[in-house]
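Residues per chain are reported as follows:
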Amino acid sequence: MAASAWSLSSRTSLSVASARRDDPRRGGRHAPPAPTSRSRRCRATPDEDSPAERAVGDSATTSASSPASASRRAPSRASLANADASHAWERFYRTHSGVGSTGGVGDEKKIRAVAAFKDRHYLRKAFPDLMPQRVRDDPSRWVDPIDPRTTRPIETRSKDHKVVLELGCGVGNSAFPLMRANLDLRVVAVDASPTAIACLKQNPEFDARRCVAFVADLGNVEGPLTERAIGLAHAIDDASIDAVTGVFFFSALDADAFARVARECARVLRRGGLVLFRDYSKDDVKGNVSGVPVARKGEGTDVTETVSFAPGEKIDDASFVRGDGTLAVFADEAAVTRAFEDAGLVGSCERVTHAVKNRKLGVTLTRHFVQGRFVKR
């Protein structure tokens, strides 16, 4: 998971850059195309851009049913996919880092940069709570990359100093843009894939003063970041974190795992601490197996096509298992809110939409995401 997945590697439908950044048409299902139209199926890309964002678009959360109800059901296909998530994500990152599905992670010389996801610069605007005032005033302003040799150390007494836990960090596509924009931010980056963590640490911007990164399987145990679960070296103390971020991470969890991670967020957060996340909406084009009708210019005549970005095999109303075995759950805002509230966090979700032009297909699609902010009281 990147510890927050379809998006990390683009499969071939939306260009990796556009597929991850924006998401389509709000309405539910569409009628099949008329007999005269063509139907074209495109394989979905991983996330809007993120680690658990891997195979189909990363995304966030739970199925249309309440996360709490999962504990009363027999093991589902979603829970089986969740149980194998760490292996599936490791296979994904090995493939995209050049190590191969059977290669050894320890040979760092064989690991190359993973370019399946784009850096999420939009988080400066999406997560203003983590930004200094100058960035909030102008979130679109260019921010220079970090050079560990010349960048000043973190000022722990600064009002902008925060300790952030990044769940499903992948190779750092969320962590590095955040650290660039706030030089007093310290990030604890966690992912289930050893290869993803190795790639993150090899990034020329990696600065041990600003970031600590380690492997942890967040979705399959209660209290995954406690000393009991992960050992003393990496254990995260109660009430020690200012904010938890999950960008296309929660969508890689089944309902039970979502509830466990929400409780872990509540444990590690200080009073007043935040959970900030962004994930796929259930109305996103990638969750629409019926396809999205688009108009394209044919040779001398207009042609209507149905383009489907469905991420994999559908197993319930909002969940898919991708071809590589990873899980993609498209978020229902109400269920997400209930899951965090059950863990003792108060807040809400909002729908975020973006129009994205796919140059390869020559179409413009509207992508739908869910963005949330929850506070520990």
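Read on for a plain summary of the structure. As the structure is a prediction and not an experimental result, all values here were calculated from the model.

It is worth spelling out the overall build of the protein at this point. Helix and strand content of the protein: 10 helices and 13 strands. The buried share among the 377 residues of the protein stands at 58%. A total accessible area of about 15400 Å² is found for the protein, and carbon and sulfur atoms account for 50% of it.

Before going further, it helps to examine the packing of aromatic side chains. Scanning all chains against the criterion turns up 17 aromatic pairs. Arranged with centres 5.6 Å apart and planes meeting at 85°, the rings of Trp 89 and Phe 92 form a pair that is edge-to-face. With Trp 89 and Phe 92 both in helix α3 (residues 85-97), this residue pair falls three residues apart, about one helical turn. Side by side, Trp 89 and Phe 92 carry an identical accessibility label, which is buried. Centre to centre, the rings of Phe 92 and Tyr 93 are 5.0 Å apart; their planes meet at 80°, and the pair counts as edge-to-face. Neither residue differs from the other here; Phe 92 and Tyr 93 are each classed as buried. Three or more aromatic residues link up through ring pairs in this structure, and these residues are Phe 249, Phe 250, Phe 258, Phe 277, Phe 340 and Phe 374.

Scanning the entire structure with this criterion turns up 17 salt bridges. The salt bridge involving Arg 263 is made with Glu 222; its shortest N-O contact spans 2.8 Å. Of the two residues, Arg 263 sits in helix α9 (residues 255-268) while Glu 222 sits in the loop between β4 (211-215) and α8 (227-230), which places them 41 residues apart along the sequence. Judged by relative accessible area, which is 39%, Arg 263 ranks as partly exposed. Between Asp 242 and Arg 270 there is a salt bridge, with its nearest N and O atoms 2.7 Å apart. Within this pair, whereas Asp 242 is found in strand β5 (residues 241-247), its partner Arg 270 is found in strand β6 (residues 269-280), the two being separated by 28 residues in sequence. For Arg 270, a relative accessible area of 32% translates into the label partly exposed. Members of the salt-bridge network, linked through shared partners, are Asp 119, Arg 180 and Glu 205.

A word on the side chain of Lys 376. Turning to its location among the elements, Lys 376 is positioned in strand β13 (residues 363-376). Buried and unpaired, Lys 376 has Asp 238 as its nearest opposite-charge partner, separated by 7.6 Å. For Lys 376, the residues in contact, after removing those within four places along its chain, are Ala 266, Arg 267, Leu 269, Arg 270, Arg 271, Gly 272, Gly 273 and Leu 345.

Before going further, it helps to examine the sheet that holds strand β11 (residues 327-329). If you trace the three strands from one edge of the open sheet to the other, you get β9-β10-β11, paired in antiparallel fashion. On the outer flanks of this sheet lie β9 (313-314) and β11, each paired with one strand and no other. As paired strands, strand β10 (residues 319-321) and β11 are joined by three bridges and run antiparallel to one another. Bridged to Val 321 within β11 is Leu 327.

To continue, consider the nonpolar core. Nonpolar side chains tend to gather and get buried jointly when the protein is soluble and globular. Residues Leu 130 and Leu 200 are the most contacted members of the largest nonpolar core, which totals 36 residues. Elements supplying a minimum of two residues to this core: α4 (123-126), α6 (175-181), β3 (185-191), α7 (194-202), β4, β5, β6 and β13. For this core, the element with the most residues is α6, which contributes five residues. Ranked by size, the runner-up nonpolar core spans 34 residues in total, among them Phe 249, Phe 250, Leu 269 and Val 336.

Where α3 contacts α7, the two axes come as close as 7 Å, and the packing angle between them is 45°. It follows from the interaxial angle that α3 and α7 lie oblique. Contact residues: Glu 90, Tyr 93, Arg 94 and Ser 97 in α3; Pro 194, Thr 195, Ala 196 and Cys 199 in α7. For the contact of α3 with α7, the class distribution of residues is four nonpolar, two polar and two charged.

Turning our eyes to something else, we now look at the pairing of β5. Extensive coverage of β5 is indicated by the burial of six of its seven residues. Note: strand β2 (residues 162-167) against β5, four bridges, orientation parallel. Looking at β5, one finds that Glu 166 is bridged to Thr 245.

Of the strand pairs in this sheet, strand β12 (residues 345-358) and β13 are connected by 14 bridges, and their pairing is antiparallel. Counted as the bridge partner of Gly 347 is Phe 374 from β13. What sits between β12 and β13 in their antiparallel hairpin is a turn of four residues, with Gly 362 showing a positive phi close to 70°.

Here we come to the sheet that holds β12. The strand order across the open sheet built from seven strands is β4-β3-β2-β5-β6-β13-β12, with neighbouring strands paired in mixed fashion. The open sheet is flanked by β4 and β12, the only strands paired with a single partner. Pairwise comparison of adjacent strand axes, ignoring direction, gives a mean angle of 15° for this sheet. In terms of strand pairing, β2 meets β3 through six bridges, oriented parallel. Directly across from Leu 167, in β3, lies its bridge partner Val 190. Against the sheet, helix α10 (residues 333-342) contacts β6, β12 and β13, and its axis sits at roughly 145° relative to β12.

Right, let's get into α9. Helix length check: α9, at 14 residues, gives a terminal C-alpha distance of 20 Å against a target of 20 Å (1.5 Å per residue), a fit within 8%. Of all 14 residues that make up α9, 12 are buried, and the element is covered over most of its length. Those residues of α9 lying buried are Ala 255, Ala 257, Phe 258, Ala 259, Arg 260, Val 261, Ala 262, Glu 264, Cys 265, Ala 266, Arg 267 and Val 268.

Cut-off values and rules
Residues numbered from 1 in each chain as written. Predicted model: local features only at pLDDT ≥ 70, side-chain atom pairs only at ≥ 80, totals over all residues. Heavy atoms only, no water. Helix = DSSP H or I, 4+ residues; strand = E, 2+ residues; numbered from the N terminus. Buried < 20%, exposed > 50% of the residue type's maximum accessible area, 1.4 Å probe, protein only. Areas by Shrake-Rupley, 256 points an atom, 1.4 Å probe, with all protein chains shown as cover. Phe/Tyr/Trp six-rings, centres within 6.5 Å; stacked < 30°, edge-to-face > 60°. Salt bridge = Lys/Arg side-chain N within 4 Å of Asp/Glu carboxyl O. Lys, Arg positive; Asp, Glu negative; His and termini not counted. Contact = heavy atoms within 4.5 Å. Pairing = 2+ DSSP bridges. Core = buried A, V, L, I, M, F, W, Y, C linked by side-chain atoms within 4.5 Å. Axes fitted to C-alpha atoms, helices over the stretch in contact; angles between N-to-C directions. Parallel < 35°, antiparallel > 145°, perpendicular 65-115°, else oblique. Nonpolar A, V, L, I, M, F, W, Y, C, P; charged D, E, K, R; others polar. Expected span 1.5 Å × (residues − 1).

The values reported here are purely geometric and, on their own, carry no functional implication.
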